Amino acid sequence: AQSVSQHNHHVILSEAASLELGCNYSYGGTVNLFWYVQYPGQHLQLLLKYFSGDPLVKGIKGFEAEFIKSKFSFNLRKPSVQWSDTAEYFCAVNARSSSNTGKLIFGQGTTLQVKP
Amino acid sequence: DAGVTQSPTHLIKTRGQQVTLRCSPKSGHDTVSWYQQALGQGPQFIFQYYEEEERQRGNFPDRFSGHQFPNYSSELNVNALLLGDSALYLCASSLVGRNTEAFFGQGTRLTVV
């Protein structure tokens, strides 16, 4: 069965610090990978996605993620965080197979708190 | 272009009751998925509807059922509510296909007392 593991449950950073959130998945086949963000009181929004091609993908608001197939990882990074990045971050995968329905498997989430 | 809209935003029900949640997908989308997000957890897939049929189902009991209408909107029904059903219920819409991203609504916060 597919699963997604996010290593950090709660991260506290000061503004301008660099961010890296870990995400590992378990699935033997080809996957699509996503990072979603949930700001306080708002809906889940897509930060970035990987379907194929360049394993380094850039998303909105200066976020990027790198897909390392050999490590089954898709870590999220940002060089310099801002107070407005305070939110819940979710890594998600879906299986890219002939029966793919787009069903997303989510990690348990990482709460990022950025101190001004 | 309207995004995914869900109603109601909040709901309080008593154990044993039944509830219906509603979702209108993003314009142009034909597939609706429902997720349950318990406090402090990631969303868990309940089921997906496409062409008015349940296409795939997660590990949820039969008390959870759904429907999709010809205009692609969808309902999630939960019977015989349990305290453990208290959660944020998210609707996501997408276009059928292999490489597709899902757009989420703001969710319905269900509290069972």
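Shown above is the structure to which this text applies.
Just so it is clear, the structure is predicted and the values come from calculations on it, not from any experiment.

Peer 1: So what exactly am I meant to see when it comes to the overall build of chain A here?
Peer 2: Looking only at helices and strands, chain A has zero helices and twelve strands in total. Taking 2.2 N^0.38 as the reference for a compact globule, 116 residues should give roughly 13 Å; the C-alpha atoms of chain A span a radius of gyration of 14 Å, in line with that estimate. Of all intrachain contacts in chain A linking residues separated by at least 6 positions in sequence, the fraction that spans at least 24 positions is 56%. Counting only carbon and sulfur atoms, one obtains 52% of the accessible surface of chain A, whose full area is about 5300 Å².

Peer 1: Sorry, what's going on with the sheet that holds strand β7 (residues 64–68) of chain B here?
Peer 2: All names here are of chain B. Reading across from one edge, β1-β3-β8-β7 is the order of the four strands in this open sheet, with antiparallel pairing throughout. The sheet is open, and its two edges are formed by β1 (5–7) and β7, each paired on a single side. The sheet shows a mean angle of 20° between the axes of neighbouring strands, taken without regard to direction.

Peer 1: Any chance you could explain the interface of chain B and chain A here in plain terms?
Peer 2: Many structure descriptions define interface size as the accessible area lost when the parts assemble. Residue-level contacts link 21 residues of chain B with 24 residues of chain A. Counting every contact that joins chain B to chain A gives one salt bridge. With a closest N to O distance of 2.3 Å, B:Glu101 and A:Lys49 form a salt bridge. The tally of links from chain B across to chain A stands at four residue pairs in polar contact (both at pLDDT 80 or more).

Peer 1: Just checking my understanding: could you explain the nonpolar core for this structure?
Peer 2: For soluble globular proteins, the rule of thumb is that nonpolar side chains tend to be buried together. Within the largest apolar cluster, 29 residues are counted, with the highest numbers of intra-cluster contacts made by A:Leu33, A:Trp35, A:Leu47, A:Leu48, A:Phe74, A:Leu76 and A:Tyr89. Counting residues in hydrophobic clusters, the runner-up holds 20 residues, among them B:Val4, B:Leu11, B:Phe47 and B:Leu81.

Peer 1: Whenever I open this one, the packing of aromatic side chains confuses me. Can you help?
Peer 2: In this description, an aromatic ring pair is defined by two values, namely the gap between the centres and the angle between the planes. Residues and elements named next belong to chain B. All told, the structure shown has 16 aromatic pairs over all chains when counted by the stated rule. A centroid spacing of 5.6 Å and a plane angle of 70° characterise the contact between Tyr-35 and Phe-45, whose relative ring orientation is edge-to-face. Linking Tyr-35 in strand β4 (residues 31–37) with Phe-45 in strand β5 (residues 44–50), this pair joins segments that are ten residues apart in sequence. Consider the rings of Phe-60 and Phe-64, whose centres lie 5.1 Å apart with planes at 65°: the pair is edge-to-face. The ring of Phe-103 is capped by Lys-26, whose NZ or CZ atom sits 5.0 Å from the centre of that ring. Positioned over the ring face of Tyr-50 is Arg-55, at 5.2 Å from the centre of the ring.

Peer 1: Where do I start with the pattern of salt bridges in this structure?
Peer 2: Once their charged atoms are close, side chains differing in charge can pair, the charge on each being opposite to the other. Counted according to the given criterion, the structure contains eight salt bridges over all chains. We note a salt bridge from A:Glu64 to A:Arg77, for which the minimum N-O separation is 3.5 Å. Here A:Glu64, found in strand β8 (residues 64–68), pairs with A:Arg77, found in strand β9 (residues 73–78); they are 13 residues apart in sequence, far enough to count as distant. A salt bridge links B:Arg22 to B:Glu75, with the shortest nitrogen-to-oxygen separation between them at 3.4 Å. One end of the pair, B:Arg22, is in strand β3 (residues 19–24); the other, B:Glu75, is in strand β8 (residues 74–78), and 53 residues separate them in sequence.

Peer 1: I keep staring at unusual backbone geometry and nothing clicks. Help me out?
Peer 2: Note that the residue after B:Ser7, namely B:Pro8, is joined by a cis bond; omega there is -10°. With respect to the helices and strands, B:Pro8 occurs in the loop between β1 and β2 (10–13). The phi dihedral of A:Ala16 is positive, around 80°, even though this residue is not glycine. Its location among the elements puts A:Ala16 in the loop between β2 (10–14) and β3 (19–21). Exposure remark for A:Ala16: the relative accessible area of 53% places this residue in the exposed category. Its identity is not glycine, yet B:Ala80 carries a phi of approximately 45°, on the positive side. Examined against the element boundaries, B:Ala80 turns out to sit in the loop between β8 and β9 (87–94). According to the relative accessible area criterion, B:Ala80 is partly exposed, its value standing at 39%.

Peer 1: What's the story with the state of the cysteines in this structure? I'm lost.
Peer 2: Think of a disulfide as a covalent bridge from one cysteine sulfur atom to another cysteine sulfur atom. Residue and element names in this part refer to chain A. By the definition in use, this model includes two disulfides over all chains. Each sulfur in the disulfide pair Cys-23 and Cys-91 lies 1.9 Å from the other. A torsion of -65° about the S-S bond marks the disulfide between Cys-23 and Cys-91 as left-handed. A residue pair is termed long-range when its members are at least 10 positions apart, and Cys-23 in strand β4 (residues 23–26) and Cys-91 in strand β10 (residues 87–95) qualify at 68 residues.

Definitions and limits used
Residues numbered from 1 in each chain as written. Chains lettered and ligands numbered in written order. Predicted model: local features only at pLDDT ≥ 70, side-chain atom pairs only at ≥ 80, totals over all residues. Heavy atoms only, no water. Helix = DSSP H or I, 4+ residues; strand = E, 2+ residues; numbered from the N terminus. Rg over C-alpha atoms; globule rule 2.2 N^0.38 Å. Contact = heavy atoms within 4.5 Å. Areas by Shrake-Rupley, 256 points an atom, 1.4 Å probe, with all protein chains shown as cover. Pairing = 2+ DSSP bridges. Axes fitted to C-alpha atoms, helices over the stretch in contact; angles between N-to-C directions. Salt bridge = Lys/Arg side-chain N within 4 Å of Asp/Glu carboxyl O. Polar contact = N/O pair within 3.5 Å; in protein donor to acceptor, adjacent residues only side chain to side chain. Core = buried A, V, L, I, M, F, W, Y, C linked by side-chain atoms within 4.5 Å. Buried < 20%, exposed > 50% of the residue type's maximum accessible area, 1.4 Å probe, protein only. Phe/Tyr/Trp six-rings, centres within 6.5 Å; stacked < 30°, edge-to-face > 60°. Lys NZ or Arg CZ within 6 Å of the ring centre and 35° of its normal. Disulfide = S-S within 2.5 Å.

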